[in-house]
Amino acid sequence: VALRDATGMNLDSLCYGDSGGMLVCEGTHAPDVGNSTSLARCPDGEDTDDNQADFAADPTPTPGAENDADCGTVDPIDLFLCDLRENDANGFPTYFGQRVRVTNLVALMSTGVFSSSALDITVTDASTPTLGRCCINLFDFNYDIFANPINEGDIITEVVGTVDFFNGKTEISNIELLTVSGSQTLEDPVEVTTAELAAFGEDYESCLIEICGVMITEGDWPGEGTSRNLTIDDGSGPVTMRVDADTDVDGSLAPVEPFTVIGIAGQFDSSSPWDSGYQILPRRRTDIMDDMACPVPTIRQTWSE
């Protein structure tokens, strides 16, 4: 957004989110925000010619009047990850727009997997058993993944940012602080069925999951450089598997069916109450294991026995 005088001279400008290489941008970009949130100059009336420093997300904009945005002088709210993932009755994040601090997380994937330039990873609690964990997405266009890469299994001791929402998925964006210290081996993914992911995907959102013995029931395997949604089914009901073109999955050989897939549980749902559109996104081709059906139990018992 550029403000120019009658001669065409650029007086001021605002670039936010992923604005590419636009010549009018001032310094680093301001954060991207959702449809119900504004960008407000902070502090009001000041300009350092750096959009990231000059603008803040404001969930309560005041059009036509002096803005009252919180410029970040208040300490962020300290939350456990499961608390941060709370939604209201309409499926919208309770803490949307709040500056938050979360500690003791572990990265479920490396930077560069789903985006070649932006921070786009999922994290979970580092010390909670897998079945009791909550997970969330960390997303920021302005985070330098080349200077500060994050690897799968890295322990993120602290992250400070703003709670955001994108097509049903809760995120921490506008990352102000992210500290990595050490690493650990990831625990096994949570095993779910295709029907469970489709119906109860909110329970698994942004976590690492595994579905065994699936067949592709709709869609063609994508070629190199192509993202595609495929419908898969393990016999319990269909769900979407999304192949992201930033991975090495597109352009690879189609799996031998039935196959087992490991991936991040995602969501793409553009309307309230945001309770559908769940997906599994494999991180790499080795997350897809060819010709692997679900294991058959070798011992069967009943309660009476």
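See the structure printed just above.
1. Description of the overall build of the protein chain
Move 1: Helix and strand counts for the protein chain stand at three helices and 17 strands.
Move 2: Computed over the C-alpha atoms, the radius of gyration of the protein chain is 22 Å, within 12% of the 19 Å expected from 2.2 N^0.38 for a compact globule of 305 residues.
Move 3: Viewed in the frame of its principal axes, the protein chain has a C-alpha envelope of about 80 × 45 × 40 Å.
Move 4: A burial count over the protein chain gives 46% of its 305 residues as buried.

2. What to know about the layout of surface pockets
Move 1: By volume, the largest pocket is sized at about 930 Å³.
Move 2: Contributions of two or more residues to the lining of the largest pocket are made by β7 (119-125), β8 (135-140), β9 (154-166), β10 (169-183), β15 (259-267) and β16 (278-281).
Move 3: Of the residues that constitute the lining of the largest pocket, the class distribution is 15 nonpolar, 20 polar and nine charged.

3. Comments concerning the pattern of salt bridges
Move 1: Enumeration over the complete set of coordinates arrives at 12 salt bridges.
Move 2: Across the salt bridge formed by R99 and E176, the nearest N and O atoms sit 2.8 Å from each other. Taken together, the positions of R99 in strand β6 (residues 99-107) and E176 in strand β10 put the pair 77 residues apart, joining distant regions of the chain.
Move 3: E152 serves as the salt-bridge partner of R283, at 3.2 Å between the closest nitrogen and oxygen. Of the two residues, R283 sits in the loop between β16 and β17 (288-289) while E152 sits in the loop between β8 and β9, which places them 131 residues apart along the sequence.
Move 4: Here R283 falls in the buried class, since its relative accessible area comes to 7%.
Move 5: On the basis of relative accessibility, which here comes to 31%, the residue E152 falls in the partly exposed class.
Move 6: By sharing partners, the salt bridges in this structure join E152, R283, R284 and D287 into a single network.

4. A short note on the state of the cysteines
Move 1: By the definition in use, this model includes four disulfides.
Move 2: At a sulfur-sulfur separation of 2.1 Å, the disulfide partner of C15 is C25. Judged by the sign of its S-S torsion, about -90 degrees, the bond between C15 and C25 is left-handed. Separated by 10 residues along the polypeptide, C15 in the loop between β2 (10-13) and β3 (38-41) and C25 in the loop between β2 and β3 bring together distant segments of the chain.
Move 3: Judged by its relative accessible area of 2%, C15 is buried.
Move 4: With its sulfur 2.0 Å from that of its partner, C212 forms a disulfide with C294. Taking the sign of the S-S torsion, 100 degrees for the link of C212 and C294, the bridge is right-handed. Of this pair, C212 sits in strand β12 (residues 208-218) while C294 sits in the segment after β17, and the two are 82 residues apart along the sequence.

5. Re the environment of D248
Move 1: Secondary-structure assignment places D248 in the loop between β14 (238-243) and β15.
Move 2: Taking the C-alpha atoms as reference, D248 lies 23 Å from G277; in sequence the two are 29 residues apart.

6. Overview of unusual backbone geometry
Move 1: Of note, the amide linkage connecting E257 to P258 takes the cis form, showing an omega dihedral of -5 degrees.
Move 2: Along the chain, P258 turns up in the loop between β14 and β15.
Move 3: Note the cis peptide between S272 and P273, where omega equals 10 degrees.
Move 4: With respect to the element layout, P273 can be found in the loop between β15 and β16.
Move 5: Residues other than glycine seldom take positive phi values, yet S206 does so here, at roughly 75 degrees.
Move 6: With respect to the element layout, S206 can be found in the loop between α3 (194-200) and β12.

7. Thoughts on the packing of aromatic side chains
Move 1: For the structure on display, the rule yields six aromatic pairs.
Move 2: Ring centres of F92 and F165 lie 5.0 Å apart, and the angle between their planes is 70 degrees; on these two criteria the pair is classed as edge-to-face. Linking F92 in the loop between α2 (81-84) and β6 with F165 in strand β9, this pair joins segments that are 73 residues apart in sequence.
Move 3: By way of ring pairs, the aromatic residues F92, F96, F165 and W274 are connected into one cluster.

Rules used throughout
Residues numbered from 1 in each chain as written. Predicted model: local features only at pLDDT ≥ 70, side-chain atom pairs only at ≥ 80, totals over all residues. Heavy atoms only, no water. Helix = DSSP H or I, 4+ residues; strand = E, 2+ residues; numbered from the N terminus. Rg over C-alpha atoms; globule rule 2.2 N^0.38 Å. Buried < 20%, exposed > 50% of the residue type's maximum accessible area, 1.4 Å probe, protein only. 1 Å grid on protein atoms, 1.4 Å probe; cavity = no way out; pocket = protein on both sides within 12 Å on 5 of 7 lines; lining within 4 Å. Points joined across faces, edges and corners; volume = space filled by probe spheres on them. Nonpolar A, V, L, I, M, F, W, Y, C, P; charged D, E, K, R; others polar. Salt bridge = Lys/Arg side-chain N within 4 Å of Asp/Glu carboxyl O. Disulfide = S-S within 2.5 Å. Phe/Tyr/Trp six-rings, centres within 6.5 Å; stacked < 30°, edge-to-face > 60°.

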